[in-house]
Amino acid sequence: MPSYNWIPQGQCQLCWSHIKRNLQQITDCSGGGFSARVGRNQTLIISAIFRTRRRFEENELYHKRYKRRMLRLQKAFDLWLEKSRSIGVQRYKGRSEKLEQHQQSLWLFLKHESIPLTNNEAERRVSHTQTFWACRQKSITYW
């Protein structure tokens, strides 16, 4: 999350795919203890967030039900984020602390539904632009 540090809180949506990947590492590397349980519950909630958003975008959920479910998922995630303060492994505890510091940037997509849950499209555009300019500098044609 260092790249988010220079952007004021509440002006940048954190990428839920990256968050899920980081929490999955907590689940996988913790030997099945408390840390693994916290990570597992958080990743399950994130999966439900993705599923709920997809169903809303595909018009399978009415707006009111979508909001109600997302607020319930937000409450559950925030609860497990609070529990993650008790994680004993400093590396994983630090990840949770960073999420808490940027908590306002976790839920911007609820205020502005045009904001995606991930930054995949933005990363593709940046990657494409970087590749284009790198190839242009080397006089290589890129398609």
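Residues numbered from 1 in each chain as written. Predicted model: local features only at pLDDT ≥ 70, side-chain atom pairs only at ≥ 80, totals over all residues. Heavy atoms only, no water.

1. A word on unusual backbone geometry
Phi at N59 is positive, roughly 60 degrees, even though this residue is not glycine. Among the secondary structure elements, N59 is positioned in the loop between α2 (34-57) and α3 (63-83). (Helix = DSSP H or I, 4+ residues; strand = E, 2+ residues; numbered from the N terminus.)

2. Concerning helix α1 (residues 16-29)
Along its 14 residues, α1 runs 20 Å from first to last C-alpha, staying within 8% of the 20 Å computed at 1.5 Å per residue. Within α1, burial applies to W16, I19, L23, I26 and T27. For α1, the buried positions fall inside an angular range of 100 degrees around the axis, keeping them on one side. Residues of α1 that are exposed and angled more than 90 degrees away from the buried face: D28 and C29. On its buried side, α1 packs onto α2, α3, α4 (90-101) and α5 (108-111). (Expected span 1.5 Å × (residues − 1). Buried < 20%, exposed > 50% of the residue type's maximum accessible area, 1.4 Å probe, protein only. Arc of directions from axis to C-beta. Contact = heavy atoms within 4.5 Å.)

3. Observations concerning a positive patch on the surface
On the surface, a cluster of positive charge is made up of K64, R65, R68 and R72. Mapped onto the secondary structure, R68 falls in helix α3. (Patch = residues over 30% accessible without salt bridge, like charges linked within 9 Å, V, L, I, M, F, W, Y side chains within 5 Å. Areas by Shrake-Rupley, 256 points an atom, 1.4 Å probe, with all protein chains shown as cover. Salt bridge = Lys/Arg side-chain N within 4 Å of Asp/Glu carboxyl O. Lys, Arg positive; Asp, Glu negative; His and termini not counted. Charge placed at Lys NZ, Arg CZ, Asp CG, Glu CD.)

4. Examining the state of the cysteines
Scanning the model with the defined rule gives 0 disulfides in all. Unpaired in this structure, C12 has its nearest cysteine sulfur neighbour in C15, at a distance of 9.8 Å. On the basis of relative accessible area, C12 is assigned to the buried category, the value being 17%. (Disulfide = S-S within 2.5 Å.)

5. Topic: the environment of R69
Secondary-structure assignment places R69 in helix α3. The class for R69 is partly exposed, based on a relative accessible area of 24%. For R69, the residues in contact, after removing those within four places along its chain, are T52, R55 and L61.

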